[in-house]
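One-letter residues, chain by chain:
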Amino acid sequence: MIRTLLVDDESLIRAGLRFIIESAPDVEVVGEAEDGIQAVDAVRRLRPDVVLMDVRMPRYDGLAATGAIRRLSRAPAVIILTTFDSDEHVFTALEAGACGFLLKDTSPHDLIRAIRLAHGGDSMLSPQVTRRLIHRLTTDQPIRRRRDALARLETLTGREREVLVEVGLGRSNTEIAARLNMSEATVKSHISHLFDKLAVTNRVQVAIAAYRAGLVD
């Protein structure tokens, strides 16, 4: 079972999410939190696999809570689920370590799929968020930022660069293994090396590194 924590300051929203999530045979809700402070405490106590995190909450918002949670040992995957999709929210969430950013009008099917992907080490963004993210990375790209991004890739092996590009294109481990003629275990090993060498914590941040370096159009 995929252990999931719900974080939202509206009880009605949490009830709706619980209803959707518990309709899946392999996902369970292990707890709820009303704000970011409760969320960090609940993660420490309950050890969920995935956290569904709202952005705007009292006391301690979801973006700050995401950063705090991702700094914990054995940190769970965090999916931002919100009605707000501003560019700054997206970038702050992803840079804090969130592996997904979904809007609250996401279909139940896609919500369950995102939880499964997050638990498996993959990521998922709402289509409109993805379009805005790619647009910003490819059009608002100072030369110095690209130079700095390329410098971060100097320690990568040729194979690691190939995997980096595939992750940047949004392909899954299975797809990467087939395209590069390697086992999924080898793909996972290369991605783990990318996390270490690029000082990132999830695939979305790897993809951002690929875009910033100009390796993905």
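Residues numbered from 1 in each chain as written. Predicted model: local features only at pLDDT ≥ 70, side-chain atom pairs only at ≥ 80, totals over all residues. Heavy atoms only, no water.

An unreviewed UniProt entry lists the protein chain under the name Response regulator transcription factor, with Microbispora maris as the source organism.

Visitor: An account of the environment of Val204 is needed here, citing residue identities and associated values.
Guide: Note on placement: Val204 falls in helix α11 (residues 203–212). Using a relative accessible area of 6% as the deciding quantity, one classes Val204 as buried. Sequence spacing of Val204 and Ser123 is 81 residues, and the spatial spacing of their C-alpha atoms is 6.5 Å. Once residues lying within four places of it in the same chain are set aside, the contact partners of Val204 are Leu94, Cys99 and Ser123. (Helix = DSSP H or I, 4+ residues; strand = E, 2+ residues; numbered from the N terminus. Buried < 20%, exposed > 50% of the residue type's maximum accessible area, 1.4 Å probe, protein only. Contact = heavy atoms within 4.5 Å.)

Visitor: Any chance you could break down the packing of helix α8 (residues 158–168) against helix α9 (residues 173–180) for me, citing the residues and the numbers?
Guide: Here α8 crosses α9 at 130°, and the two axes come no closer than 10 Å. The angle between α8 and α9 falls in the class oblique. The interaxial crossing formed by α8 with α9 has right-handed handedness. Along the contact surface, α8 presents Arg159, Glu162, Val163, Glu166 and Val167, while α9 presents Ile176, Arg179 and Leu180. (Axes fitted to C-alpha atoms, helices over the stretch in contact; angles between N-to-C directions. Parallel < 35°, antiparallel > 145°, perpendicular 65-115°, else oblique. Left-handed = near helix turned anticlockwise from the far one by under 90°.)

Visitor: Tell me about the environment of Ser183, and name the residues and values.
Guide: Considering the arrangement of structural elements, one finds Ser183 in the loop between α9 and α10 (184–198). Overall, Ser183 belongs to the partly exposed group, its relative accessible area being 39%.

Visitor: I'd like a description of the nonpolar core, backed by residues and values.
Guide: Val7, Val51, Met53, Ile69 and Ile80 are the most contacted members of the largest nonpolar core, which totals 26 residues. Mapped by element, the contributors of at least two residues to this core are β1 (2–7), α2 (36–46), β3 (50–53), α3 (62–70), β4 (77–82), α4 (87–96), β5 (100–103) and α11. Residues in contact with Ile69, not counting those within four places in the same chain, are Ala39, Val40, Val43, Met53, Ala75, Pro76 and Val78. (Core = buried A, V, L, I, M, F, W, Y, C linked by side-chain atoms within 4.5 Å.)

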